[in-house]
Amino acid sequence: MTSTFGSEDLEVLRNRTFDEIAVGDRASIERTLTASDIQLFAAMSGDINPQHIDPQFAESTRFHGVIAHGMWGAALISAVLGTRLPGPGTIYAGQTLKFHLPVRVGDTLTISVVVAERDPAKHRLVLDCLCSNQEGKTVISGEATVIAPTERIERPRGTLPQVRVSLQHGDELVRILQYVKPLGRMKMAVVYPCDQVSLAAALDARAAGLIEPVLIGPRARLQALAEQSGVQLGEVAIEDVPHGEAAAARAVELALRGEVEALMKGSLHTDELMAAVVKSALRTERRMSHCFIMQTPAYPRPFIITDAALNIAPTLRDKADIIRNAVDLAHAFGIAQPRVAILAAVETINPDMPATLDAAALCKMADRGQIAGAILDGPLAFDNAVSAAAARTKGIVSPVAGAADILVVPDLEAGNMLAKQLEYLGGAASAGIVLGARVPIVLTSRADTREARIASCAVALVVARRPAQPLVFPAPAPKERAEVGA
């Protein structure tokens, strides 16, 4: 007899008594491994072996990447025994396990148990246990001994608490700062920091050892703001100019003379700063674009979203430069061949959807060497770009699907909404940078956290200094106490 999953099982949890079970009866469940599964298991068990949570370390091992804890798969066997066969009332008496293959994010396991022996005197069952992946290969095998229930149990299926793994943003900032510490400080022009938030951002980045700020704005106003905020400017350099437009022009002048290595927007409008850059020799032949580096608990590695801040409706030519800028950023962080997913609403080419046509053309440009240093694929819907399971369900075979390092959005609106959804609903940490000019530009927002502002300066430092031996960007660690809600 095979246990099947009916619609009533969504509402009712029921067992099978010892007398109802025969040799050969079986039951199974299916589960796809996510990055959150690994992080939750690490937080719950305390097993923070870097093989499971540190992509940089994991790449150097025999498995060449992050794998699940072996006991995560074993716990799924327990789930079958406790909920399906025999079900509620089952008592574990013993379990043997053999681990045959690693399990990676996106792998879908089928966990099966089959009754091999019955002991009526003790109501004991011996069950053969098997976990196999989506390719039908055995991942875990073993044998379980249980005491089966003798009384019928049927209960409404309980609702589990909603558990979400969150990044500890402060800890992530510490990791970033440790990464960039060997690069030293760089001089950064902070353009018109005439509100408390932007002035604090400059001073925080200075205190973190990232920058030596050059504040550009009205001296009297900056000194009054510092006094009002209760901070000391001390020996911080100030370029006294009357207004935002003059501050932007002065910042560009300092960058062209090599007196600063990067720019950071203060309280002036983005258009005001970027207009000064665009009409100057800081502009290069390449289109300027913005990159968000993001880390979210639901994805096993940091990734880049572009462009979500500058190019409103980029053309095919613009998108090629947007990709080149993002690839350069990935290279600076040690990703030799970043995987670039060109996003659209669908993963097939549709003549009525220009984003799909652009994606196809960009991939062909990469094939012809017009875009180098990366692996491109598209069009890809968002789910296929970040989920190997979703890609597999749709029959997509791609080195990028489910493992994207760079997400290229069709336009600014899509990118901006995606980035903010990940940050505010997905618990993502982020840092932003503008590339394509002769110096990196940090565009801060009034809504940015202190950590995001400092992290953005750290990214600018990496871009400006281009370490000869870049390291892989640090990986997020699981939070030891998961947030639990109703």
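Residues numbered from 1 in each chain as written. Predicted model: local features only at pLDDT ≥ 70, side-chain atom pairs only at ≥ 80, totals over all residues. Heavy atoms only, no water.

**So, the nonpolar core**
Turning to step 1, where the next piece is worked out: Counting 84 residues, the largest nonpolar core has Leu263, Leu329 and Leu376 as the members making the most contacts within it.
Turning to step 2, where the next piece is worked out: With 9 residues, helix 15 (residues 450-465) is the single largest residue contributor to this core.
Turning to step 3, where the next piece is worked out: When near neighbours in sequence (up to four residues on either side) are disregarded, leucine 376 contacts Ile323, Val340, Ile342, Leu362, Cys363, Ala366, Ile371 and Val400. (Core = buried A, V, L, I, M, F, W, Y, C linked by side-chain atoms within 4.5 Å. Buried < 20%, exposed > 50% of the residue type's maximum accessible area, 1.4 Å probe, protein only. Helix = DSSP H or I, 4+ residues; strand = E, 2+ residues; numbered from the N terminus. Contact = heavy atoms within 4.5 Å.)

**Quick look at the pairing of strand 15 (residues 339-343)**
Turning to step 1, where the next piece is worked out: Counting buried residues in strand 15 gives 4 out of 5 residues, a clear majority hidden from the surface.
Turning to step 2, where the next piece is worked out: Pairing of strand 15 with strand 16 (residues 375-380) involves 4 bridges; the strand directions are parallel. Looking at the pairing, alanine 341 lines up with aspartate 377 of strand 16.
Turning to step 3, where the next piece is worked out: The parallel pair strand 15 and strand 16 is bridged by helix 11 (residues 354-367), and the resulting crossover is right-handed. (Pairing = 2+ DSSP bridges. Right-handed = clockwise from strand over helix to strand, strands pointing away.)

**Considering the sheet that holds strand 6 (residues 138-147)**
Turning to step 1, where the next piece is worked out: The 5 strands lie next to each other as 2-4-5-6-3, forming an open sheet whose pairing is antiparallel. Two strands close off the open sheet at either side, each with one partner strand: strand 2 (26-32) and strand 3 (91-99). Pairwise comparison of adjacent strand axes, ignoring direction, gives a mean angle of 20° for this sheet.
Turning to step 2, where the next piece is worked out: The pairing of strand 3 with strand 6 spans 8 bridges and is antiparallel. In the strand pairing of strand 6, tyrosine 92 is matched with valine 146.
Turning to step 3, where the next piece is worked out: Along the sheet face, helix 4 (residues 70-83) touches strand 2, strand 3, strand 4 (108-119), strand 5 (124-132) and strand 6 and points at about 140° away from the line of strand 3. (Axes fitted to C-alpha atoms, helices over the stretch in contact; angles between N-to-C directions.)

**Focus: empty space enclosed by the protein**
Turning to step 1, where the next piece is worked out: Taken as a whole, this structure holds 1 cavity of 30 Å³ or more when the rule is applied.
Turning to step 2, where the next piece is worked out: In this structure, the largest cavity occupies an estimated 90 Å³ of space.
Turning to step 3, where the next piece is worked out: Lining the largest cavity are 12 residues; nearest its centre among them are Gln39, His52, Ile53, Val66 and Pro300.
Turning to step 4, where the next piece is worked out: Looking at the lining of the largest cavity, its residues break down into 9 nonpolar, 2 polar and 1 charged. (1 Å grid on protein atoms, 1.4 Å probe; cavity = no way out; pocket = protein on both sides within 12 Å on 5 of 7 lines; lining within 4 Å. Points joined across faces, edges and corners; volume = space filled by probe spheres on them. Nonpolar A, V, L, I, M, F, W, Y, C, P; charged D, E, K, R; others polar.)

**Points about the packing of helix 6 (residues 196-207) against helix 15**
Turning to step 1, where the next piece is worked out: It is the contact of helix 6 with helix 15, at a shortest axis distance of 9 Å, that shows an interaxial angle of 55°. The pairing of helix 6 with helix 15 is recorded here as oblique in orientation. As for the relative orientation of helix 6 and helix 15, their crossing is right-handed in sense. Here helix 6 contributes Val197, Ser198, Ala201, Asp204 and Ala205 to the contact with helix 15, which in turn contributes Arg450, Arg453, Ile454 and Cys457. (Parallel < 35°, antiparallel > 145°, perpendicular 65-115°, else oblique. Left-handed = near helix turned anticlockwise from the far one by under 90°.)

Treat this as a map of the structure, not an account of what it does.
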